[in-house]
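Given next are the chains, with one letter for each unit.
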Amino acid sequence: MDAKLKETLKAFAKGSGKLCVLTGAGISAESGIPTFRGPEGYWTVGSKVYHPQEMATHHMFVRHPEAVWQWYLYRLGVCRKAAPNPGHRAIAQLEALFADRFTLITQNVDGLHLRAGNSPERTYQVHGNIFFMRCAMACTQAPFPMPQEVPLKEKDDPLTPEDLRLLRCPGCGGMARPHVLWFDETYNEAHYRFFSSLKAARETDLLITVGTSGATNLPNQVVSEALRRGAVMVDVNVEENPFGRAALSSSRGFFLKGKSGVVLPEMVELFRMGL
Ligand SMILES: [Zn+2]
């Protein structure tokens with residue numbers, strides 16, 4: 001880590017500016033969770049193999065709700081078995097250090113940030129949370145926790161009538177759906193904190209992006225808005241990527257190539273030295 005960045009982090013901690021952290025799949029990959037955009041996410045329904053970008057759609061849920069649920073319960077099992085890593089814990093420490101100065105925006109649906117200790121109030125899960133579901137008919141907007149009795153599924157386990165009984169809306173008794181943003185749906189405030197995320201980006205003095213490369217629209221807006229407002233940006237990623245380049249294109253930006261589980265704890269120490 002270069003001297004200029006070390007001084008920047010210590011000086012930030014001393015001040016009263018706001019910190020926004022934006023995370024993507026890279027941080028959870030260090031906990032063994034695949035992106036599900038690759039082979040892990042391919043799924044056979046009948047005689048046809050579907051890509052993740054086809055499975056994670058409202059279109060698919062309307063046609064094959066049980067297949068979509070089976071796919072999500074398999075992914076849920078992977079997420080339940082995973083544990084937060086040092087990168088997640090470092091981000092929880094940042095919230096503990098900075099409190100109201102801190103906001104976390106995450107593209108991950110695996111719930112690992114909350115399990116690491118970040119608060120639901122300051123964690124904007126802009127793609128939802130796989131441990132929650134909500135009414136498929138929208139009789140209420142509220143998400144509710146997946147019942148504990150919902151079993152973990154391996155790839156070949158079919159849904160049982162008991163599973164289907166658990167996957168119902170407690171309000172109207174109709175089918176529930178996963179509380180996640182699908183590819184053919186749009187961001188909104190009520191479910192995904194869309195406007196709150198843009199506001200956090202506008203108000204932040206320091207933006208740290210971790211393990212994300214801007215494949216989706218809201219993260220891109222967060223980065224461009226923060227840079228436009230003159231925020232300092234630090235990108236942490238195991239590989240060069242568009243956000244790293246965006247950071248380096250700014251006179252106040254930094255790119256740290258490495259694992260978030262290694263780099264973020266080092267950053268926490270520097271912040272602590274400045275406090
Ligand atoms: Zn309902």
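Position numbers for residues start from 1 in each chain and track the written sequence from start to end. Totals for whole chains, interfaces and linings use every residue, but because this is a predicted model, local features are given only for residues with pLDDT of at least 70 and side-chain atom pairs only at 80 or more, for both listing and counting. The side-chain quantities take in all heavy atoms of the structure and omit both hydrogens and water.

## So, the sheet that holds strand S1 (residues 19-23)
At step 1: Judged by pairing direction, the sheet is parallel, and its six strands sit side by side in the order S5-S4-S1-S9-S10-S11 without closing on themselves. Each end of this open sheet is capped by a strand with a single partner; those strands are strand S5 (123-125) and strand S11 (253-257). Across the sheet, the mean angle separating the axes of adjacent strands is 15 degrees when strand polarity is ignored.
At step 2: Strand pairing requires that DSSP identify at least two bridges connecting the strands. The numbering of helices and of strands both runs from the N terminus, where a helix is a DSSP run of H or I of at least 4 residues and a strand a run of E of at least 2. The sheet contact formed by strand S4 (residues 102-106) and S5 spans three bridges and is parallel. Within the sheet, the bridge partner assigned to Leu104 lies in S5 and is Thr123.
At step 3: In this analysis, two residues are considered to be in contact whenever any of their non-hydrogen atoms come within 4.5 Å of each other. Only the contacting stretch of a helix is used when fitting its axis, a line to C-alpha atoms as for every element, and angles between N-to-C directions run 0 to 180 degrees. Contacts from helix H1 (residues 3-14) reach S1, strand S9 (206-210), strand S10 (232-237) and S11, with the element oriented near 115 degrees to S11.
At step 4: Its contacts with the sheet put helix H12 (residues 242-249) on S1, S9, S10 and S11, and the angle it makes with S11 is roughly 140 degrees.

## Remarks on the packing of aromatic side chains
At step 1: For this analysis, a ring pair means two rings from Phe, Tyr or Trp (six-membered ring only for Trp) whose centres lie within 6.5 Å, classed as stacked if their planes differ by under 30 degrees, edge-to-face if by over 60, and tilted for the remaining angles. By the definition in use, this model includes nine aromatic pairs.
At step 2: Consider the rings of Phe12 and Phe271, whose centres lie 5.9 Å apart with planes at 65 degrees: the pair is edge-to-face. On the criterion of sequence distance, the pair formed by Phe12 in helix H1 and Phe271 in helix H13 (residues 260-274) is long-range, its members being 259 residues apart.
At step 3: Here's how the labels work: a residue is buried when its accessible area is under 20% of the maximum for its type, exposed when over 50%, partly exposed in between, all with a 1.4 Å probe on protein chains only. Residue Phe271 is classed as buried on the basis of its relative accessible area, which comes to 0%.
At step 4: Centre to centre, the rings of Phe194 and Phe195 are 5.0 Å apart; their planes meet at 70 degrees, and the pair counts as edge-to-face.
At step 5: Members of the aromatic cluster, connected to one another through ring pairs, are Phe61, Trp71, Tyr72 and Trp182.
At step 6: Only when the NZ atom of a Lys or the CZ atom of an Arg is both within 6 Å of the ring centre and within 35 degrees of the ring normal do we say a charge sits over the ring. Over the ring of Trp71 we find Arg75, and its NZ or CZ is 4.8 Å from the ring centre.
At step 7: Its end group placed over the ring of Phe12, Arg101 keeps NZ or CZ at 4.9 Å from the ring centre.

## Points about the nonpolar core
At step 1: Take the buried residues of types Ala, Val, Leu, Ile, Met, Phe, Trp, Tyr and Cys, join any two whose side-chain atoms come within 4.5 Å, and each joined set is a nonpolar core. Ranked by size, the top nonpolar core spans 36 residues in total, and within it Met55, Trp69 and Tyr72 carry the most contacts.
At step 2: Elements represented by at least two residues in this core include exactly strand S2 (43-45), helix H4 (58-63), helix H5 (65-81), strand S6 (128-135), helix H8 (161-166) and strand S8 (176-180).
At step 3: At nine residues, H5 tops the list of elements feeding residues into this core.

## Thoughts on the domain arrangement of the chain
At step 1: For the chain, the assigned domains are domain 1 (3-32 + 84-127 + 189-274) and domain 2 (43-81 + 138-180).
At step 2: Summarising the inter-unit geometry, the C-alpha centres of domain 1 and domain 2 are found 30 Å apart.
At step 3: In this complex, domain 1 contributes six residues to the contact, which on the side of domain 2 involves seven residues.
At step 4: Throughout this description, the term salt bridge denotes a Lys or Arg side-chain nitrogen within 4 Å of a carboxyl oxygen of Asp or Glu. For the pair domain 1 and domain 2, the interface holds zero salt bridges.
At step 5: Any N or O atom pair separated by 3.5 Å or less is treated as a polar contact, with the protein-specific requirement of one donor-capable and one acceptor-capable atom, and with residues adjacent in sequence counted only for side-chain atom pairs. Here domain 1 is connected to domain 2 by three residue pairs in polar contact (both at pLDDT 80 or more).
At step 6: Partitioned by chemical class, the residues of the side of domain 1 that touches domain 2 number two nonpolar, two polar and two charged. In this document the domain limits rely on a domain assignment from an automatic tool or a database. Note on residue classes: Ala, Val, Leu, Ile, Met, Phe, Trp, Tyr, Cys and Pro are nonpolar, Asp, Glu, Lys and Arg are charged, and everything else, Gly too, is polar.

## Examining the environment of Ala29
At step 1: With respect to the helices and strands, the residue Ala29 is situated in helix H2 (residues 25-29).
At step 2: According to the relative accessible area criterion, Ala29 is partly exposed, its value standing at 44%.
At step 3: Along the primary structure Ala29 and Ala215 are separated by 186 residues, whereas in three dimensions their C-alpha atoms are 16 Å apart.

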